Amino acid sequence: MVRSFEKVREEEINVMMEKVEKAASSSSPLNLSGLLSSLTSDLICRIALGRKYSSDEEEVSNTYNVKEIVRKTMELSGSFPLGEYIPSLAWIDTIRGVDDKVEEVSNKIDSFLEKAVQEHVADHADKERSDDFVDILVSIQREKTMGFEFGNSEIKNLILDVFLGGTATTFTLLEWTMTELMRHPECMKKLKDDIYSASTTTAKLYVSEEEVANMKYLKAVIKEVLRLHPPVPIILRGLCEDIKLKGYDIAEGTLVIINAWAIQRDTETWGADAEEFRPERHLDTLVEFEGQDFMYIPFGSGRRRCPGIRFGLTMAEVTLANLVKRFDWRAKVKPLGDDKPDLAEATGVDVCRKFPLVVFPSCALFSM
Ligand code: HEM
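All of the points below concern the structure found in this document. (Residues numbered from 1 in each chain as written. Predicted model: local features only at pLDDT ≥ 70, side-chain atom pairs only at ≥ 80, totals over all residues. Heavy atoms only, no water.)

## A short note on the packing of helix H9 (residues 185-198) against helix H11 (residues 216-228)
- Their axes nearest at 7 Å, the elements H9 and H11 cross at an angle of 140°. Put simply, H9 runs oblique to H11. On the side of H9, the interface is formed by Cys187, Lys190, Leu191, Asp194 and Ile195, while H11 contributes Lys216, Tyr217 and Leu218.
- Residue composition of the contact of H9 with H11, grouped by class: five nonpolar, no polar and three charged. (Axes fitted to C-alpha atoms, helices over the stretch in contact; angles between N-to-C directions. Helix = DSSP H or I, 4+ residues; strand = E, 2+ residues; numbered from the N terminus. Parallel < 35°, antiparallel > 145°, perpendicular 65-115°, else oblique. Contact = heavy atoms within 4.5 Å. Nonpolar A, V, L, I, M, F, W, Y, C, P; charged D, E, K, R; others polar.)

In structure tokens, the structure reads:
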């Protein structure tokens, strides 16, 4: 299924490349964060819903701006809901307005998803097509073969899972990757060499997913970014039964908070340079994404680990290969003359940059 959407990825990446090219030819600053966020939400929209629902689209009102909905949900999920930890203080959440904001966002999400499902149900009656995720879910609903309730609510919940799980995470990975590469020009240079030597197409053309498969350094760069900047730094588990761990009794229902961010920067396992960005460390190691190496869990671990690993990585790898191959990148210089992008982090369940990454791209292929 991931491979079957290659064409959609190519089309959307090319739309983005045109915008970068425009900024490059006019030497204007470019909000790369905004561009990458639109790319990931447009891509997931097309794959899950068959079409885009971005604010660029003519008749789409603010209510249906997916990018906005995802960002707000992530922000709210990361805000500290006092009532969940100290139930007697739940009233403070009401005063802070957390409850109202949650209700407002969930109403927006519900009407957006309801509209998308209704469009598919109507389309389904007209023509035989099962191109996107909702089409597949609507067919399953019609066939009534699930053996359990599978109504519009279940469909809406599944689509929401894909949106919340897939958009902000992949965008965050791309945003931090470009940040770290601009902070480490020597890594950017090595990555360019890797991309040029593995890409068989002529200079001007799109780097394909087949070519990306052979780019070893590119994969190491992404692995290192996921180590230092896991988009989901905190992983949660509720205990299903009472357990005894290292002499402690832990009751069923206890919320366990796993700090992937700290685990992945631990000097005892990663060495004295654990805080440094050094993709080379992954070139000859066998640490994998599947959650079996507990020192490295950017996609979680066990039965609840991320089901979108391939989906997210494929999107990130091919986007990055194209951005780096075709352009040279320079960050906006700050008042004190520093031209390296900062590393300030936003708050939220998904930890992206606090401030947008503003850059000046220039066409790299002309200087070859
Ligand atoms: C670089 C991109 C991504 C990262 C870093 C990431 C990371 C994660 C993490 C850490 C979890 C929690 C795992 C756990 O609790 O053990 C998770 C869950 C999840 N992810 Fe991803 N993810 C990414 C991309 C995607 C994509 C593209 C999709 C869908 C297309 C997706 C769908 C989901 C879903 C549905 C869950 C919930 C699984 C469950 O609770 O059973 N993710 N992801």
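What follows picks up the thread again.
## Quick word on the pattern of salt bridges
- A complete count under the given rule lists 21 salt bridges for this structure.
- One salt bridge in this structure joins lysine 156 and aspartate 110, with 3.0 Å as the shortest N-O distance. Of the two residues, lysine 156 sits in helix H8 (residues 152-183) while aspartate 110 sits in helix H6 (residues 98-126), which places them 46 residues apart along the sequence.
- Overall, the relative accessible area of 9% leaves lysine 156 in the buried class.
- Residue class for aspartate 110 comes out partly exposed when judged on its relative accessible area of 38%.
- Of the charged contacts, one joins glutamate 317 and lysine 219 as a salt bridge, the two residues approaching to 3.4 Å between their closest N and O atoms. In this pair, glutamate 317 sits in helix H14 (residues 309-326) while lysine 219 sits in helix H11, placing the two residues 98 residues apart along the sequence.
- By relative accessible area, lysine 219 is classed as partly exposed at 28%.
- Three or more residues joined by partner-sharing salt bridges are found here, namely Glu224, Arg227, Asp273, Arg278 and Arg281. (Salt bridge = Lys/Arg side-chain N within 4 Å of Asp/Glu carboxyl O. Buried < 20%, exposed > 50% of the residue type's maximum accessible area, 1.4 Å probe, protein only.)

## Thoughts on the coordination of the iron atom of the ligand
- When only protein atoms are considered, the iron atom of the ligand has one donor, Cys306 (SG), at a distance of 2.3 Å.
- Inspection of the secondary structure puts cysteine 306 in the loop between helix H13 (267-270) and H14. (Donors = N, O, S within 2.8 Å, 3.2 Å for Na, K, Ca; no water.)

## Some points on the sheet that holds strand S6 (residues 327-331)
- On the basis of which strands lie adjacent, the open sheet formed by three strands has the order S1-S7-S6 and antiparallel pairing. Each end of this open sheet is capped by a strand with a single partner; those strands are strand S1 (30-31) and S6.
- As judged from the two bridges shared by S1 and strand S7 (residues 358-363), these two strands associate in the antiparallel manner. Residue asparagine 31 lies in a different strand from S7, and its bridge partner there is valine 358.
- Lying on the sheet, helix H1 (residues 6-25) is in contact with S1, S6 and S7; it crosses S7 at an angle near 85°. (Pairing = 2+ DSSP bridges.)

## Concerning H11
- For H11, with 13 residues, the first-to-last C-alpha span of 19 Å sits near the 18 Å given by 1.5 Å per residue.
- The buried count for H11 comes to 11 of 13 residues, which makes it a mostly enclosed element.
- Three or more residues of H11 are buried, namely Tyr217, Leu218, Ala220, Val221, Ile222, Lys223, Glu224, Val225, Leu226, Arg227 and Leu228.
- Buried residues along H11 sit against H8, H9, helix H10 (209-212), helix H12 (260-263), H13 and H14. (Expected span 1.5 Å × (residues − 1).)

## Some thoughts on a negative patch on the surface
- Negative charge collects at one region of the surface, where Asp99, Asp100, Glu103 and Glu104 lie side by side.
- Turning to its location among the elements, glutamate 103 is positioned in helix H6. (Patch = residues over 30% accessible without salt bridge, like charges linked within 9 Å, V, L, I, M, F, W, Y side chains within 5 Å. Areas by Shrake-Rupley, 256 points an atom, 1.4 Å probe, with all protein chains shown as cover. Lys, Arg positive; Asp, Glu negative; His and termini not counted. Charge placed at Lys NZ, Arg CZ, Asp CG, Glu CD.)

## A closer look at the pairing of S7
- By the bridge criterion, five bridges tie S6 to S7 in an arrangement that is antiparallel. Looking at S7, one finds that arginine 330 is bridged to phenylalanine 360.

## Things to note about the packing of H1 against helix H2 (residues 32-49)
- Relative orientation of the contacting elements H1 and H2 amounts to 155°, with a least axis distance of 10 Å. Judged by the angle between their axes, H1 and H2 are roughly antiparallel. Crossing geometry of H1 relative to H2 is assigned as right-handed. The residues of H2 that touch H1, namely those facing Val8, Arg9, Glu11, Glu12, Ile13, Met16, Lys19 and Val20, are Leu35, Leu36, Leu39, Asp42, Leu43, Arg46 and Ile47.
- Considered class by class, the residues forming the contact of H1 with H2 number nine nonpolar, no polar and six charged. (Left-handed = near helix turned anticlockwise from the far one by under 90°.)

## Considerations on the layout of surface pockets
- Taken as a whole, the second largest pocket encloses approximately 500 Å³ of empty space.
- Lining the second largest pocket are 18 residues, and of these Arg237, Leu239, Val256, Ile258 and Ser301 lie nearest its centre.
- Of all the secondary structure elements, the ones that give two or more residues to the lining of the second largest pocket are strand S2 (234-238), strand S3 (243-245) and strand S5 (255-259).
- The greatest single-element share of the lining of the second largest pocket, amounting to three residues, is contributed by S5. (1 Å grid on protein atoms, 1.4 Å probe; cavity = no way out; pocket = protein on both sides within 12 Å on 5 of 7 lines; lining within 4 Å. Points joined across faces, edges and corners; volume = space filled by probe spheres on them.)

## Describing the site of the ligand
- Close to the ligand lie 22 residues, the nearest being Gly165, Arg237, Ser301, Arg304 and Cys306.
- Between the ligand and arginine 304, the relevant distance is 2.6 Å, taken from an oxygen atom to a side-chain nitrogen or oxygen of the residue.
- Mapped onto the shell around the ligand, the elements with two or more residues apiece are H8, S2 and H14.
- Here the shell around the ligand gets seven residues from one element, more than from any other, and that element is H8. (Near = heavy atom within 4 Å. Polar contact = N/O pair within 3.5 Å; in protein donor to acceptor, adjacent residues only side chain to side chain.)

## Topic: the packing of aromatic side chains
- Evaluated as defined, the whole model comprises five aromatic pairs.
- A ring pair is formed by phenylalanine 289 and tyrosine 296, whose centres lie 6.0 Å apart and whose planes are at 40°; its orientation type is tilted. Just as phenylalanine 289 is buried, tyrosine 296 falls in that class too.
- A centroid spacing of 5.5 Å and a plane angle of 85° characterise the contact between phenylalanine 289 and phenylalanine 299, whose relative ring orientation is edge-to-face. Of this pair, phenylalanine 289 sits in the loop between H13 and H14 while phenylalanine 299 sits in the loop between H13 and H14; the two residues are 10 residues apart in sequence, bridging distant segments of the chain.
- Classification of phenylalanine 289 as buried rests on a relative accessible area of 11%. (Phe/Tyr/Trp six-rings, centres within 6.5 Å; stacked < 30°, edge-to-face > 60°.)

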